[in-house]
Amino acid sequence: MGKHFSFVHCADLHLGEPFEGLRSGVVGPWTEAIGKATFKAFERVVDIALEKRANAILISGDIYNSNHHSLAAQMAFGRELYRAAQAGIQVFIVHGNHDAEDAWKADIPLPESVHVFASDKVSSVPLLINGEKVATIYGISYKTMHNKENVAKEFHKQADDVFAIGMLHTEVGNAESPYAPCTIDDLVSSGIDYWALGHVHTKQIVKEKPYIVYPGNTQGLSSREQGARGCYFVDVGAFGTVNMEFIDTDAIRWMDMTIDISSIKNQEELIGLVLKERASFKELTERPDIIRLILIGRGPLHKIISSEEGREYILQAINAKEQFRYIFAYFSQIIDRTKPVLDLEERRKLPDILADYLHSYDAVAKLPDIEKIKVLKEVLAETAEFKKMPELMNYISEEMIKESFSGAENEGAERISLEDIDENY
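Residues numbered from 1 in each chain as written. Predicted model: local features only at pLDDT ≥ 70, side-chain atom pairs only at ≥ 80, totals over all residues. Heavy atoms only, no water.

**Let's talk about the pairing of strand 5 (residues 123-129)**
Regular strands show a simple pattern: their side chains alternate between the two faces of the sheet. Quick reminder of the rule: In this scheme, strands are said to pair when DSSP sees at least two bridges between them. Numbered from the N terminus, helices here are DSSP runs of H or I no shorter than four residues, and strands are runs of E no shorter than two.
Where strand 5 meets strand 6 (residues 132-139), 7 bridges bridge the pair, whose relative direction is antiparallel. Looking at the pairing, leucine 127 lines up with alanine 135 of strand 6. Between strand 5 and strand 6, which follow one another and run antiparallel, lie 2 residues, and asparagine 130 among them has a positive phi close to 55 degrees.

Below you can see the structure in the form of structure tokens.
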């Protein structure tokens, strides 16, 4: 029987790393907040450890990016480590591909309660509570940015380990990966009870018993990293039972907002609808957001939205409304997936497949009802579904056929138009 203890598992802090995909020169309350977001996220990690009275913080690689490890970033990191140390919280670190040993050297002293694992071999250090060993932590750092060696095979739980934790920055399941590749079986066979992994930016519990865990990054860095980002608080019972809680730490959240323009008449109506939807995002995330606005549908606004000037006007108008909000939304980009309104009468005049379809529709529409139903039944009988199950025709009434045909002009034209657009991409 062991002793109860707890720790916070985080990774991929990327302190000081600029956000991707943001336009330059757009100033607002987001300007300073974006610059501080990665640091605020790690502050939140330490806050969680203090609030939960955790015994340790485990950081599984990529504290910095090699080209963004300024002295200011290191000092900010050091301040948080000293804050943890003052509360008696031990910190264990392995370096990953972005903060490998040969890429940079720390310019600041670290508290004695911080242990950084070396890169030459897997080593172990005890996690002590009141002088008593409650767990053994194993780890290895990257020496260089790329590490094609399967170092997971060098981890082995010892007979006297009550509970063993492995720290590794790795890409599990990709044998060709340059980031310490390994398999789930490699991790399981080590005997380690909890694998504190890093490198994958999306949280994932790969396996339980043993626990193989990616906490994801603490702050999303681009529109590809949407939704909550954070860390795991892990509580280990005296009998080795593990309870986990994911806690978000991101200071700013990346989100997508999708708006259908089909029934929207003008830009002002669109802007009003976006601002209304933005209020629901604020309630959902309870923090500042960076939002990609995705516009879909077919309508008169397509002409404006499809132009760079039109999209820029809409973005500026929306962001102007956010200039003085503490919990702001910064609309970073408009993704145009809209289509123009179809003028079916003009399309009938063109020599293409859509015009052929519309002329065929017209020819059937002009028929008397009896002949029209006969022709449509013959068309149905030739479809794959009715060829396979001809008895289905017994369940199709004439009213159902008429109703379906009445909508076929627009629906068929829409489908053919969309197929034509897709082929041209």
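Following the structure, the description resumes.
**Considering the pattern of salt bridges**
Counted only if it meets this: By definition here, a salt bridge exists when the distance from a side-chain nitrogen of Lys or Arg to a carboxyl oxygen of Asp or Glu is within 4 Å. Note on exposure labels: buried denotes an accessible area under 20% of the residue type's maximum, exposed denotes more than 50%, and partly exposed covers the range between, all computed with a 1.4 Å probe on protein chains only.
Across all of its chains, the model carries 23 salt bridges by this definition. The salt bridge partner of glutamate 51 is arginine 44, with a shortest N-O separation of 3.2 Å. With relative accessibility at 56%, the residue glutamate 51 sits in the exposed group. Lysine 133 is the partner of aspartate 161 in a salt bridge, and the nearest nitrogen-oxygen pair spans 3.8 Å. Residue aspartate 161 is located in the loop between strand 6 and strand 7 (164-169), and its partner lysine 133 is located in strand 6; the two are separated by 28 residues in the primary sequence. Judged by relative accessible area, lysine 133 falls into the partly exposed class, the value being 33%. Put simply, Asp248, Asp250, Arg253 and Arg287 are held in one network by salt bridges that share partners.

**Here's the deal with the layout of surface pockets**
Summary: where empty space remains is shown by rolling a probe the size of a single water molecule over the atoms. Threshold: Cavity and pocket criteria rest on a 1 Å grid covering protein atoms alone: a 1.4 Å probe that fits but cannot get out defines a cavity, protein on both sides within 12 Å along at least 5 of 7 lines defines an open pocket, and an atom within 4 Å of a point defines a lining residue. Grid points are joined across faces, edges and corners, and a volume is the space filled by probe spheres set on the points. We call Asp, Glu, Lys and Arg charged. Ala, Val, Leu, Ile, Met, Phe, Trp, Tyr, Cys and Pro are nonpolar, and the rest, Gly among them, are polar.
Within this model, the largest pocket holds a volume of roughly 470 Å³. What lines the largest pocket is a set of 15 residues, and nearest its centre among them are Leu376, Val379, Leu380, Phe405 and Ala408. Where the lining of the largest pocket is concerned, the elements lending two or more residues are helix 8 (353-365), helix 9 (369-381) and helix 11 (398-406). Looking at side-chain class alone, the lining of the largest pocket contains 12 nonpolar, 3 polar and no charged residues. If you go around the second largest pocket, the residues you meet are Pro29, Ala33, Ala251, Glu286, Arg287, Pro288, Arg325, Tyr326, Ile327 and Phe328. Its residues placed into classes, the lining of the second largest pocket shows 7 nonpolar, no polar and 3 charged.

**Remarks on the nonpolar core**
Note the cut-off: What we call a nonpolar core is a set of buried Ala, Val, Leu, Ile, Met, Phe, Trp, Tyr and Cys residues that are connected through their side-chain atoms within 4.5 Å. Here a residue-residue contact requires only that any non-hydrogen atoms of the pair lie within 4.5 Å.
Ranked by size, the top nonpolar core spans 25 residues in total, and within it Val8, Phe42, Ile57, Ile59 and Phe77 carry the most contacts. Mapped by element, the contributors of at least two residues to this core are strand 1 (5-10), helix 1 (30-51), strand 2 (56-60), helix 2 (71-86), strand 3 (90-94) and strand 11 (230-236). For this core, the element with the most residues is helix 1, which contributes 5 residues. The residues touching isoleucine 57, leaving out its near neighbours within four places in the chain, are Val8, Cys10, Val45, Val46, Ala49, Ala84, Ile89, Gln90, Val91 and Phe92. With 24 residues, the next largest nonpolar core counts Phe5, Val125, Ile129 and Phe163 among its residues.

**What about the sheet that holds strand 14 (residues 289-298)?**
Hydrogen bonding along the main chain pairs the strands of a sheet, whether they run parallel or antiparallel. The cut-off we apply is this: Between N-to-C directions, angles cover 0 to 180 degrees, with each direction set by a line fitted to C-alpha atoms, over the stretch in contact for helices.
Here we have 3 strands laid out as an open sheet, ordered 13-14-15, and parallel in their pairing. Here the strands that pair on one side only, and so sit at the sheet edges, are strand 13 (253-260) and strand 15 (329-339). Neighbour-to-neighbour, the strand axes of the sheet open up by a mean angle of 20 degrees, direction not taken into account. Where strand 13 and strand 14 come together, 8 bridges link them in parallel fashion. Residue methionine 257 lies in a different strand from strand 14, and its bridge partner there is leucine 293. Contacts between helix 6 (residues 308-320) and the sheet are confined to strand 14 and strand 15, with strand 15 contributing the most and set at about 145 degrees to the helix.

**Some details on the packing of helix 9 against helix 11**
Inclusion rule: Small angles under 35 degrees read as roughly parallel and large ones over 145 as roughly antiparallel, with 65 to 115 read as roughly perpendicular and the rest as oblique.
One can describe the packing of helix 9 onto helix 11 by two numbers: an axis separation of 10 Å at closest approach and a directional angle of 85 degrees. As summarised for this structure, helix 9 and helix 11 are arranged roughly perpendicular, according to the angle between their axes. Of the residues in helix 11, those touching helix 9 at Asp369, Lys372, Ile373, Leu376, Lys377 and Leu380 are Glu398, Ile401, Lys402 and Phe405. By residue class, the composition of the contact of helix 9 with helix 11 is 5 nonpolar, no polar and 5 charged.

**Overview of the side chain of threonine 218**
Tracing the backbone through its elements, the reader meets threonine 218 in the loop between strand 10 (211-214) and strand 11. We classify threonine 218 as buried; its relative accessible area is 0%. What threonine 218 contacts, discounting residues up to four positions off in sequence, is Cys10, Ala11, Asp12, Leu13, Ala41, Val45, Arg229, Gly230, Thr249 and Asp250.

**Observations concerning the side chain of glutamine 90**
Turning to its location among the elements, glutamine 90 is positioned in strand 3. According to the relative accessible area criterion, glutamine 90 is buried, its value standing at 18%. Filtering out sequence-adjacent residues up to four positions away, glutamine 90 remains in contact with Asn55, Ala56, Ile57, Ser113, Pro126, Leu127 and Leu128.

**Some details on the sheet that holds strand 3**
Strand order in the open sheet made by the 6 strands is 4-3-2-1-11-12, with mixed pairing throughout. Every other strand in the sheet has two partners, leaving strand 4 (114-116) and strand 12 (242-248) as the edge strands with one partner each. Sheet twist, expressed as the average angle between the axes of neighbouring strands with direction ignored, equals 20 degrees. In the sheet, strand 2 pairs with strand 3 via 5 bridges, with the strands oriented parallel. Note on strand 3: the bridge partner recorded for alanine 56 is glutamine 90. Of the strands in this sheet, strand 2, strand 3 and strand 4 are in contact with helix 2, which crosses strand 3 at around 140 degrees.

Geometric values such as these leave the question of function open.
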